[in-house]
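# Report on the structure
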Amino acid sequence: MLPDADPAALCEAFLRAHAQGGVPTVLLARGEELLARLDADPPADPRWGRFLVALGQSRAEAGDDEGASRVFLRALRDLPRHGDGEAAVTAGYNQGVLQERRGRAAMALAAYRTAAREGFRVGVVAANTVRCAVQAVELGFAEGGDLADSDAALAKQAWMAWLRIDRTDPAQIDGPLRADLQRQLCALLLPEDPGRLAEAWRTWPPHTLGPGADGDAALIPDLFAAAAEAADRYLADDGGGAPYRLLAEAARRWAAG
């Protein structure tokens, strides 16, 4: 039996046990009991969102994909209540991965799109938001054979977030995610004439992500540097990233005055 305690504190206790790798069956049973207790009136606290994510992960590990999907969706829908944007994005990402694994591409696409849009809307500039956007662009293109305007916006936001994260915490962007971002940058944005990249970048909406804008002087050198690495990787047969590297150096000198 769960103790008679503050609901948010009970969520926190579950989260500590989950992080420490408690006995899976016992942990899941406690999580289900806690969900039943709080279901009708959950706490307006970030720990509620994180609890739902952890419970969904526990259900998925136990082979209950349907149950995991329900609580991941609840974590996303309850964002106005718990206020933890990162938990909501993580839930959406986990939901997308789960639905892809089950062969439900349309449901996976919906999960990735919703999580990415909500994440960027509330200012969650983090790796999982970028992952959701990248997957939404990938699956959306595969489904429709073209890039929908809404997915094009997610692509631009993902690139802006990537450049910002690389300035502050580059380890967030792991190797596979970086490769996906570089591939989409080459396929969707890089022009035939490298000198027109800044123009192509500034004419692609949206133009802001939180407090940052796509025309910020400090961002343009980072864009050229990212383009250089992407072209080295995916456009080596066309000369690679040398022109973008030169443009990055020139843009840095200009930004420095």
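Heads up: these notes are all about the structure in this document. Just so we're clear, the structure is a prediction, and the values are computed from it rather than from any experiment.

### Points about the nonpolar core
Ranked by internal contacts, the top residues of the largest apolar core, which has 52 residues, are Trp159, Leu181 and Trp201. Mapped by element, the contributors of at least two residues to this core are helix H7 (105-121), helix H8 (127-144), helix H9 (149-168), helix H10 (175-188), helix H11 (197-202), helix H12 (219-234) and helix H13 (242-256). Tallying contributions element by element places H9 first for this core, with ten residues. Among residues more than four places away in sequence, those in contact with tryptophan 201 are Lys156, Trp159, Met160, Leu163, Leu189, Asp214, Leu219, Ile220 and Leu223.

### Some details on the packing of aromatic side chains
For the structure shown, the criterion picks out four aromatic pairs. Ring geometry for tyrosine 93 and tyrosine 112: centres 6.1 Å apart, planes at 45°, overall tilted. One end of the pair, tyrosine 93, is in helix H6 (residues 85-101); the other, tyrosine 112, is in helix H7, with 19 residues separating them in the sequence. Under the relative-accessibility criterion, tyrosine 93 is labelled partly exposed at 22%.

### Observations concerning unusual backbone geometry
Residue proline 206 is reached from proline 205 by a cis peptide bond, and omega for that bond is 0°. The residue proline 206 is located in the loop between H11 and strand S1 (208-209) in this model.

### Concerning helix H4 (residues 65-77)
Taking 1.5 Å of rise per residue, 13 residues should cover 18 Å, and H4 covers 18 Å from first to last C-alpha, within 8% of that figure. For H4, the full list of buried residues reads Asp65, Gly67, Ala68, Ser69, Val71, Phe72, Ala75 and Leu76. Lining the buried residues of H4 we find helix H2 (24-38), helix H3 (46-61), helix H5 (79-82), H6 and H7.

### Some details on the packing of H8 against H9
Running from amino to carboxyl end, H8 crosses H9 at an angle of 150°, the nearest separation of the two axes being 9 Å. In this structure, H8 meets H9 at a crossing whose hand is left-handed. Packed against H8, whose contacting residues are Ala127, Val130, Ala133, Ala136, Val137 and Gly140, the element H9 presents Asp151, Leu154, Ala155, Ala158, Ala161 and Ile165 at the interface. Taken together, the residues of the contact of H8 with H9 break down into ten nonpolar, one polar and one charged.

### Considering the packing of helix H1 (residues 7-19) against H3
The geometry of H1 relative to H3 is characterised by a closest axis approach of 9 Å and an angle of 40° between their N-to-C directions. For the element pair H1 / H3, the angle class is oblique. The two elements H1 and H3 cross, and the hand of that crossing is left-handed. On the side of H1, the interface is formed by Ala8, Ala9, Cys11, Glu12, Phe14, Leu15 and His18, while H3 contributes Arg47, Trp48, Arg50, Phe51, Ala54, Leu55, Gln57 and Ser58. Residue classes in the contact of H1 with H3 are distributed as nine nonpolar, three polar and three charged.

Reading the values: rules and limits
- For every chain, the first residue of the written sequence is number 1, and numbering continues from 1 along that sequence.
- Confidence filtering applies because this is a predicted model: local features only for residues at pLDDT of at least 70, side-chain atom pairs given and counted only at 80 or more, and all residues used for totals across whole chains, interfaces and linings.
- Only hydrogens and water are set aside; all other atoms, that is, all heavy atoms of the structure, feed into the side-chain values.
- The set of buried Ala, Val, Leu, Ile, Met, Phe, Trp, Tyr and Cys residues whose side-chain atoms join them within 4.5 Å is what this entry labels a nonpolar core.
- Burial classes follow relative accessibility: with a 1.4 Å probe on protein chains only, a residue under 20% of its type's maximum area counts as buried, one over 50% as exposed, and anything between as partly exposed.
- Note on conventions: DSSP H or I runs of at least 4 residues are helices, E runs of at least 2 residues are strands, and numbering of each starts at the N terminus.
- Contacts are assigned to residue pairs that have any heavy atoms within 4.5 Å of one another.
- Any pair of Phe, Tyr and Trp rings, taking the six-membered ring for Trp, is counted once the centres come within 6.5 Å. Such a pair is stacked with planes under 30 degrees apart, edge-to-face with planes over 60 apart, and tilted for the rest.
- Expected span of a helix, by definition, is 1.5 Å for each gap between consecutive residues, and there is one gap fewer than residues.
- The convention used is that axes are lines fitted to C-alpha atoms, helices contributing only their stretch in contact, and that angles between N-to-C directions extend from 0 to 180 degrees.
- Should the near helix be turned counterclockwise from the far one by less than a right angle, the crossing is left-handed, whereas a clockwise turn marks it as right-handed.
- Side-chain classes follow a simple rule in which Ala, Val, Leu, Ile, Met, Phe, Trp, Tyr, Cys and Pro form the nonpolar group, Asp, Glu, Lys and Arg form the charged group, and the remainder, Gly included, forms the polar group.
- An angle below 35 degrees is treated as roughly parallel, one above 145 as roughly antiparallel, one from 65 to 115 as roughly perpendicular, and anything else as oblique.

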